[in-house]
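The lines below spell out each chain.
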Amino acid sequence: MQTDLLQEARRQAEICNACRYCEGYCSVFPALHAERAFSDGALTQLANLCHNCRGCFYACQYTAPHEFDLNLPQALANVRQESWEDLAFPRAAGKAFQKNGVLIAVAAVLGFALLFWAARASGSQGGEGFYAVLSHNAMVAIFLPAFLFPLVSIGVSLRRYWRRVEAGPFSAAHLVVAVKQAAHMKDLKGGHGDGCNFEDEDRFSHARRLAHQAVMYGFLPCFAATSVATLMHYALAMPAPYGLLSLPKLLGVSGGLLLVLGCAGMIRLKLRSDRALGARGAFGGEIAFVGLLGVVGFSGLVLFALGQTAAMPLLLALHLGAVLAFFLLMPFTKMAHGFYRLAALAVNARN
C-alpha cells in the first residue's frame, strides 16, 4: 500500500484519538480510541469499519482552514480503496478496474452479450422459453465457473485481509454479531440515529442507508430465485420455464425491483455528494459498479416483461451478458466492500 496514504491516515487518527469528540459516532471511534499506536493493519481495519457517512467531518473543529486540516473520511477512504486493490486476487485486476471501471464494465457487458447472441444458434435444441435460445447445459457450463471464480477470489482476498489486520482465531459468534450489524446498516444511522451527512453538511438523512438496504435486500431475493430454480430443476424434476406465481418468479421480480430502486438511489446520492470526502480517483469505479448492478436488475425486469415477444433473444443476450460481467468483475468492484466490511465488523466484535 502507498506509504503516504497510511502516514496521513495515521496522523489524523492520532489527532482524533487525542480529541475524542466523535466517540459515539460509529464503530470506527471506539475501535480507534482503543489503540495507542496505529500499525498499518490497524489502519486497514479502521478504514474498512468506516462507512463514509461523513458526520465526523462536519462535526470536527479541526478541518480546514485549521492547521490540522483533518479530513478523516477521505483519509480512511483512501486507505480502504488501496486495501481493496492490494488485497484483490489477482491484484492487477483490482487496480485495473478502479482506474477504468466504467469502460471495463460497459465493454464486458456488450462483449459477453455479443458472445451469447452468437452462441444462440447452438442453443435451439427443442427447449422451451429461454432454453430455446441457449440450452440449459450451455448456461450451466458458462455460469458455473463464473460463479465459482468470485467465491475463490474473494476467499483469498479475505484471508489476506485477516492476516493483514492480525485478527487471530475466528469465531462464529463474532460473525453473527457482524451479520446483525450489517443487516440493520447500524453504522449508516449516524451517531445519534438521525442518519448521515452524505449529501449535505446540515442535512441528516437515512436515504443512503435505505438505498443500501434496497440493494442488499434486492440482490438476496434475486440470488435466492436462481438457487430455488436450480433446486426445482435438479431435485424436484421441475425444469423452467416457471409461471408468474412460482417462487423463482416472485423472488426474482421483487428482488429486481428493489435492486433497481436501490441502485438508482445510490447513484443519485453519489452525484450529489462532495467528492472531496471520498477516496481519490474512486468515483468512476464506484459508479461503474452500481450501474452494472442496476443494469443486471433492470435487464432482468425487461426480459420478464417482454419474454414472450420477438425481442426475447436479444434481451436474453443482454441480460446474460450483464450477469456474467457482474460475477466475473465482482471481486474487483465495490461489491467486494460488503465482504470486507463484514470481516471488519467481525474483527471488531472479536476485539
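Residues numbered from 1 in each chain as written. Predicted model: local features only at pLDDT ≥ 70, side-chain atom pairs only at ≥ 80, totals over all residues. Heavy atoms only, no water.

Looking at the packing of aromatic side chains
So, step 1. Within the structure shown, the criterion is met by 12 aromatic pairs.
So, step 2. Ring plane angle 15° and centroid distance 6.4 Å describe the contact between W84 and Y340, whose orientation is recorded as stacked. Note that W84 is positioned in helix 5 (residues 72-87) and Y340 in helix 14 (residues 336-350), a separation of 256 residues in sequence. You'll find W84 and Y340 in the same group, each marked buried.
So, step 3. Ring centres of F219 and F223 lie 6.4 Å apart, and the angle between their planes is 20°; this geometry places the pair in the stacked category. Of this pair, F219 and F223 both sit in helix 10 (residues 207-234), four residues apart, which is roughly one turn of that helix.
So, step 4. Judged by its relative accessible area of 18%, F219 falls in the buried class.
So, step 5. Take F223: its relative accessible area is 36%, and that puts it in the partly exposed class. (Phe/Tyr/Trp six-rings, centres within 6.5 Å; stacked < 30°, edge-to-face > 60°. Helix = DSSP H or I, 4+ residues; strand = E, 2+ residues; numbered from the N terminus. Buried < 20%, exposed > 50% of the residue type's maximum accessible area, 1.4 Å probe, protein only.)

Structural notes on helix 5
So, step 1. Look at helix 5: 22 Å from first C-alpha to last across 16 residues, which is about the 22 Å you get at 1.5 Å a residue.
So, step 2. Most of helix 5 is tucked away: 15 of the 16 residues are buried. (Expected span 1.5 Å × (residues − 1).)

With respect to a nonpolar patch on the surface
So, step 1. A contiguous nonpolar patch, built from V102, V106, L110, W117, L314 and L318 and spanning about 500 Å² of accessible area, is present on the exposed surface.
So, step 2. Here the element with the most residues in the nonpolar patch is helix 7 (residues 101-119); it accounts for four residues. (Patch = residues over 30% accessible without salt bridge, like charges linked within 9 Å, V, L, I, M, F, W, Y side chains within 5 Å. Areas by Shrake-Rupley, 256 points an atom, 1.4 Å probe, with all protein chains shown as cover. Salt bridge = Lys/Arg side-chain N within 4 Å of Asp/Glu carboxyl O.)

Topic: unusual backbone geometry
So, step 1. In the segment running from F89 into P90, the intervening peptide bond is cis, with an omega of -5°.
So, step 2. Looking at the element boundaries, P90 is found in the loop between helix 5 and helix 6 (91-99).
So, step 3. In the segment running from A240 into P241, the intervening peptide bond is cis, with an omega of 10°.
So, step 4. Note on placement: P241 falls in the loop between helix 10 and helix 11 (247-272).
So, step 5. Positive phi values are uncommon outside glycine, yet D69 reaches one of about 50°.

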